[in-house]
Amino acid sequence: FLPKNLRKHVAVIYRFARQADDIADEGNYSVEQRLERLNNYKKELSDALQKKYKEPFWEIFCLTVDKFNLTPQLFFDLLSAFEQDIHKTRYDSSDELLDYCKRSANPVGRIILEFFNIRDVKALQYSDAICTALQLTNFYQDVSIDWLKGRIYLPVSDMKEFNIDETKFAEKKCDENFTRVMKIQIEKTYNLFNEGKNLLPLLPRRLRFQIRLTILGGAEILKKIEKLKYDVLNFRPKLSIIDYAKLFFKAVI
């Protein structure tokens, strides 16, 4: 749904993020090797912003950054989150998770707004709420997958409060306490989506439709988690083709 003149530029930014994510998460590299490769990528970014290009991609990347006056720090924030994924696998509190989302998800929304030259402080805050909610939704959707990768994105403080230890994940035991912890996370995420809806009136028509559809998709995943009685240890909720059709129609009307 992006305007035609933006598509190749968004593709360039996607490639930047995809390459960094692959460095952090793909292949059979050690932690030290991943950190070294990501540091090299960060240096290539810094050099490129000073018009020193290691390869043609970086020149194309900088043409997009300059054309739309994109904020360079947003790209360094993304790299910071990818780096954190390499060495941090537990989060002590909700605040720690929100700090991660601030760098892993929120920059993406801000970059999209900058493509449309939307830089109002309130708009950025509402965008942050949407992006954080989407990131958290993805965490809850992928609890079982992340566990296999050695990661848990539920606040340790909440788990301790309800006497949940990591054996629950290994045994895939969704008991009453685990359900209560998940319910708390889902409610917080709904609130973020609701706050983020305030962004919609501030957007041009085509972008407004796309963001509305994105919010509806995220909220639908949360509803599916509720229908599963919060058992994300044994099931991974996902949207079907029928779900997409319904959400598209709902976004239109």
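Relevant structure appears above.
Let me begin by describing the structure that accompanies this report. (Residues numbered from 1 in each chain as written. Predicted model: local features only at pLDDT ≥ 70, side-chain atom pairs only at ≥ 80, totals over all residues. Heavy atoms only, no water.)

Remarks on the overall build of the protein chain
The condition that has to hold: The secondary structure listing takes helices from DSSP runs of H or I that are at least 4 residues long and strands from runs of E that are at least 2 residues long, numbered from the N terminus. To sort residues, take the accessible area from a 1.4 Å probe on protein chains only and compare it with the maximum for the residue type: under 20% means buried, over 50% means exposed, and anything in between is partly exposed. Method for areas: the Shrake-Rupley scheme with a 1.4 Å probe, in which residue coverage is limited to the protein chains shown. Neither His nor the chain ends is counted toward charge; the positive residues are Lys and Arg and the negative residues Asp and Glu. Every charge is mapped to an atom, namely NZ of Lys, CZ of Arg, CG of Asp or CD of Glu.
Helix and strand counts for the protein chain come out as 13 helices and zero strands. Its C-alpha atoms put the protein chain at 55 × 50 × 35 Å along the principal axes. Sorting the 253 residues of the protein chain into buried and exposed places 46% on the buried side. When the accessible surface of the protein chain is totalled, it reaches about 13,600 Å², and 53% of it is carbon and sulfur. Each charge sign in the protein chain was given a centre, from 42 positive and 36 negative side chains, and these centres are 8 Å apart.

Here we look at a nonpolar patch on the surface
As a reminder, the rule being used: Every patch collects residues that have over 30% relative accessible area and no salt bridge, joining them within 9 Å if they carry like charges and within 5 Å if they are nonpolar side chains (Val, Leu, Ile, Met, Phe, Trp, Tyr). In what follows, salt bridge is the name for a side-chain nitrogen of Lys or Arg lying within 4 Å of a carboxyl oxygen of Asp or Glu.
Taken together, the side chains of Phe1, Phe248, Phe249, Val252 and Ile253 define a hydrophobic patch exposed on the protein surface, amounting to about 570 Å² of accessible area. Relative to the elements of secondary structure, Phe249 occurs in helix H13 (residues 241-252). With relative accessibility at 54%, the residue Phe249 sits in the exposed group.

A short note on empty space enclosed by the protein
Just so we agree on the cut-off: Cavity: a set of points on a 1 Å grid over the protein atoms alone where a 1.4 Å probe fits but cannot get out. Pocket: an open set with protein on both sides within 12 Å along at least five of seven lines, its lining residues, like those of a cavity, having an atom within 4 Å of a point. Grid points are joined across faces, edges and corners, and a volume is the space filled by probe spheres set on the points. Each residue receives one of three labels: charged for Asp, Glu, Lys and Arg, nonpolar for Ala, Val, Leu, Ile, Met, Phe, Trp, Tyr, Cys and Pro, and polar for the others, Gly being one of them.
Throughout the structure, instances matching the rule amount to one cavity of 30 Å³ or more. A volume near 50 Å³ is recorded for the largest cavity. Phe139, Val143, Asp146, Trp147, Arg151, Ile152, Tyr153, Leu154 and Phe169 together form the lining of the largest cavity. Tallying contributions element by element places helix H8 (residues 143-148) first for the lining of the largest cavity, with three residues. Class assignment of the residues belonging to the lining of the largest cavity gives a composition of seven nonpolar, no polar and two charged.

Points about the environment of Cys101
Here Cys101 is to be found in helix H5 (residues 94-104). For the pair Cys101 and Asp128, spaced 27 residues apart in sequence, the C-alpha to C-alpha distance is 8.8 Å.

Concerning the nonpolar core
Formally: To form a nonpolar core, buried Ala, Val, Leu, Ile, Met, Phe, Trp, Tyr and Cys residues must be joined to one another through side-chain atoms within 4.5 Å. Contacts: residue pairs with any heavy atoms within 4.5 Å of one another.
Residues Phe139, Tyr140, Leu154, Phe169, Phe178, Met182 and Leu203 are the most contacted members of the largest nonpolar core, which totals 48 residues. Listed by contribution, the elements that provide at least two residues to this core are H5, helix H7 (121-141), helix H11 (176-196), helix H12 (205-227) and H13. Beyond its immediate sequence surroundings of up to four residues, Tyr140 is in contact with Tyr153, Leu154, Met182, Gln185, Ile186, Thr189, Ile225 and Val232. Membership of the second largest hydrophobic core comes to 28 residues, among which are Trp58, Phe61, Leu70 and Phe115.

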